[in-house]
Structures are given as structure tokens and as C-alpha cells.
Amino acid sequence: MAFTYRSRRESAETLERELAARCRTAAIHADLLDEESVGSALRTVRERFGAVDSVIFATGANILQPYVSEISAQQWDEVVQVELIGFTRVLRAALPLMRAQGGGTIVAIGSFATYSFPPGDALSAVPKAAIEMLCRAVAREEGRYGIRANVVAPGIINAGLGEQFQQQLFAPEVWEGQRKRVPLRRFGEAEEVAEAVAFLASKRSAYITGQTLVVDGGLRV
Amino acid sequence: MSVIVTGAASGIGRATAFRLARDAASRGGKPARILLADIAEDKLAEVASLLRAEGAHAEVCVSDLTDPTAPASVVEAAHRAFGGLDGLVSNAGIIGRASLLDLSLADYERSFAINTRATWLLAKAAHPLLAASKGSIVATASISAHEPTPPLGAYSASKAALIMLVRQMAVEWGPDGIRCNTVSPGSTHTAMTDARYSDPVQRAAAAQRNPLRTVGLPENQAAAIAFLLGPDAAYITGVDLLVDGGLSTMLMPASGFGDPWRR
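In this text, all values refer to a predicted model and were calculated from it rather than measured experimentally.

Conventions and cut-offs
Residues numbered from 1 in each chain as written. Chains lettered and ligands numbered in written order. Predicted model: local features only at pLDDT ≥ 70, side-chain atom pairs only at ≥ 80, totals over all residues. Heavy atoms only, no water. Helix = DSSP H or I, 4+ residues; strand = E, 2+ residues; numbered from the N terminus. Rg over C-alpha atoms; globule rule 2.2 N^0.38 Å. Buried < 20%, exposed > 50% of the residue type's maximum accessible area, 1.4 Å probe, protein only. Contact = heavy atoms within 4.5 Å. Pairing = 2+ DSSP bridges. Axes fitted to C-alpha atoms, helices over the stretch in contact; angles between N-to-C directions. Left-handed = near helix turned anticlockwise from the far one by under 90°. Nonpolar A, V, L, I, M, F, W, Y, C, P; charged D, E, K, R; others polar.

**Q** How should the overall build of chain A be read in this particular structure?
**A** Across its full length, chain A holds seven helices and six strands. From first element to last, N terminus to C terminus, chain A shows the α and β order β-α-β-α-β-α-β-α-β-α-α-α-β. The C-alpha atoms of chain A give 18 Å as radius of gyration, which agrees with the globular expectation for 221 residues (17 Å, within 12%). Within the span of chain A, comprising 221 residues, buried residues form 47% of the whole.

Below, the structure written as C-alpha cells:
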């Protein structure tokens, strides 16, 4: 399993050490803003491991929660470049490799916000919705080559940005109110999102493509 | 894991029972305990004996789900046999072929009785057991719940109603710790669709329409049902997962802007 990082080299090396006990692993530097850097990362993975069976796109820019009326063109451009255009750079590098090897799976992390929009989340949600559409396009165009593409759309999760937001954004009462709106009455764990990703990346989902699996404890419903 | 699987004598239900038995075996814990329900008594007995040969604890319950008292009897049989319940796979369904102009009242009501109402009655009867175990429910819907599929008017409508019924359950029973989801199969080769997909010409046409260029197997559906039913899906509730090879992404299948016509 290879994974890429841009600026957080120390975290990447820590993860590499932790994973080393379980599998062959490689932390590879890649900048999603740079097509050559992304292409080089994918080629490195193929050279080291012989194939690229699955690509998981889990990049998310660390962004504030402005209302649409407040978002500048530059802010849109930054997040769209990293997430949406970044994902297209990954696809441009990965799809030819997957075609040549007779198939593969792509899983992108989306957001439940596409289905149940929390005000202030547009900067995050709009590129995620576009990524979802891209996955459906890949499902349709590349299915004949044995390539599947799906999305996992997390709800409110006790990890990463979700955890950071819970500490820094809104009062605890607001989060308590949100928790009560979740049918399962709790926020999710990163591992629960990971299980859905692993399912969609594996042959357990051999006949699933072009789908979005929402992992939100029912919040969207 | 103690599970009820309805429509277990063939197709997706049968494949799900085997999948659950093998998943339990590969985890190396206790063998799966599965109550198999179906109207087809002989085939049901055969599935049960094959499962027992693989080490699963299989019980059978012959039942006709058009009878509104049958679902509670199925749940009671599982309770008696296993003492509790972790999962309900409400999979039994019927398909009737008739245009809406020709459809009889009896056939319409039969479709809704089995494809929709039975899931409500099974789930309602199983609620105390599932609340006690923090268990989960998966029902088999259909791609026809999403797209009109002539001449399956009653089937499509009953499956669409099923999806909303299960979402309703997800909201009402989430606080009890019960997860409720549906799987929507696309083209799948089962006894229900055998006339169509064992014909090479029709099978090839269906495969060509599909992004993955294949007709699905019951095992594909079973893998998705087992995932949603089990602990890997612990934070997933109220979803419908289409298992269709991408068929639903095809706005204009095999014509218009279809692939073969591209220069």
C-alpha cells in the first residue's frame, strides 16, 4: 500500500512505520497541483508493487465555513484546483495503468453534504459533488475495461476536519443538537468510513460501480 | 450471528445464506445460525442440508408471505431456534409481468403484500429481538424502484415503496440501535430472470448495455447484503445501495449517445 503526502512528511513517515508491520508500504511525495508529480507517484507505485489495483482519493483541503455570498473567486479556485482538478490529474495517471492491467477500482471520499447541505459548507461540498459526478463518468466510460469507480460520503465524523470543527466551530450545544438529529444518535469513527472504502475497493463490490455509499448514521435520511 | 433470510430457496436469498455462512466460518468464531424461509419447501430443504454440510446451523420455515400472519411466525421460529436475532434479510419477492392496463387487482395486491408489506411485518415482529442485539435489517429492492420498467408496473412501484419504508424504519429505529438498509439489484441472473438471461441473445444484449459488460450474479448481491448487514457497516443506515454494474449511470443505453456510435 502506497500513500501520498504533500507537506506533512513526518506524519507520512510515522504512518509508513505503523503500516510496515502489516504490509509492504511506501510513502510517496506528490503535489496534486502538479500533473508530473502525480504521474510520477503513480509510476513509482507500479514499479515498486507491480500494479495499481485501487486508488483511494481522500484529499480534502482544510477550509473555513464561509457562506456562498462571502466566497471569493480565488477561494473557489484554490479548493477546486486541489480537490477537483487534483482528482482529474490522478485519473489521467491511473486510468491508462488500470486499462493496461485489465481493471482496477477507484474510491473517492465525497460528503453527505451533497444530500443534506449544512449552511457554510459550500466550499467543501461543491467540489465533492463534482468529484462524485466524475466517478459516475468514469464508471460509465471505463466499465468495459474492468474499472469501477465509487464514492464514500461520510457524515459527521470524530476524526480529521470533523474533529477539528467539533472543537473550534460552533458551541457544544450545537453539536449536541446535531448528534440528536442522527438516527443512530452518535457521530461516526474514521474506521467506519474506512470499512466502506475497503468494501468498495475490494472484489466484494465486484458489481457495484457509479455509486455513492453514504456513511452518516442516517443523518441524510 | 443469528439471521433470518426470506426467499432463501433460490437466487439472491440462497446466495446470501451461503455468503453469511462462509463469512462466519472465515472469521473462525461460532458458525452462522440461519433461519431460511421460503414457499418452495423442497428447494429450501436442499439449501438447508448444503449449509449444514458447510458447518452452519440452518433451520427452515416454510411460509407464504402473502398471509399477513406469516411474517410473525417466521420471526417466532427464529426466536425459538436461536433464542435471539442479529439480522433480518427480507429478500423474498415476486415479479409480475403485466402492463398497468392489464394488471389485475389481485396481482397488484399480491406484489405489494410480498414485496413491501412483508418487510414491514417481519421487521416489526423482529424489532424487540433486533433492539436487544443492536442488529440490522437489509431488504432487497430493485433498480426498477429507481427507473420505470415496463411491463413491471406493480413490481417497480412496490419496490420503490419498500425503499421508503426501510428509510422510514432507519429514522424511527435508529435510536434503538437498529440499522436498516436496502440493496437494489440491477440485471441479475436468478430463477426469477432465468428465462431472459439463459437465452444467449438476450443475455448478450443485457451485457452490452451494462458499463461492466456483464449480467450480475446472485453472489454479487449477496456480498453487498452481507456487508450492509454486518459490523463493517456499523455507521451506515437508511441507504439504498445499487448493485447494477453501473447500469443506472446509463441515461441513454445502447442508442443515441451510446458508445458504439462515437466517431
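**Q** Would you explain the environment of P183 of chain A in this entry?
**A** In this fold, P183 of chain A is placed in the loop between α6 (172-181) and α7 (190-201). For P183 of chain A, a relative accessible area of 4% translates into the label buried. Sequence-distant contacts of P183 of chain A, defined by excluding residues within four places in its chain, comprise G217, G218 and L219 of chain A together with A170, V171, G174 and P175 of chain B.

**Q** Sorry, what's going on with the sheet that holds strand β3 (residues 57-62) of chain B here?
**A** Strand pairing in a sheet is mediated by backbone hydrogen bonds. Such pairs are either parallel or antiparallel. Residue and element names in this part refer to chain B. One open sheet holds the seven strands; their spatial order is β3-β2-β1-β4-β5-β6-β7, and the pairing between them is parallel. Strands at the two margins of the open sheet, each flanked by one partner only, are β3 and β7 (240-243). Looking at each pair of strands side by side, their axes are set apart by 15° on average, direction ignored. As paired elements, strand β5 (residues 136-140) and strand β6 (residues 179-185) share five bridges and run parallel to each other. Note that in β6 the partner of V138 across the bridge is N181. Sheet contacts for helix α3 (residues 70-82): β1 (2-6), β2 (33-38) and β3; angle to β2, the most-contacted strand, approximately 155°.

**Q** Before we go on, may I ask you to explain the packing of helix α2 (residues 35-49) of chain A against helix α3 (residues 73-101) of chain A in this structure?
**A** The relative placement of two packed helices is expressed as an angle between their axes plus a distance between the axes. All names here are of chain A. In contact at an axis separation of 8 Å, α2 and α3 are set at 35° when each is read in the N-to-C sense. Crossing angle aside, the handedness with which α2 passes α3 is right-handed. On the side of α2, the interface is formed by E35, V38, G39, L42 and R46, while α3 contributes R89, V90, R92, A93, A94 and L97. Across the contact of α2 with α3, the residue classes break down as six nonpolar, one polar and four charged.

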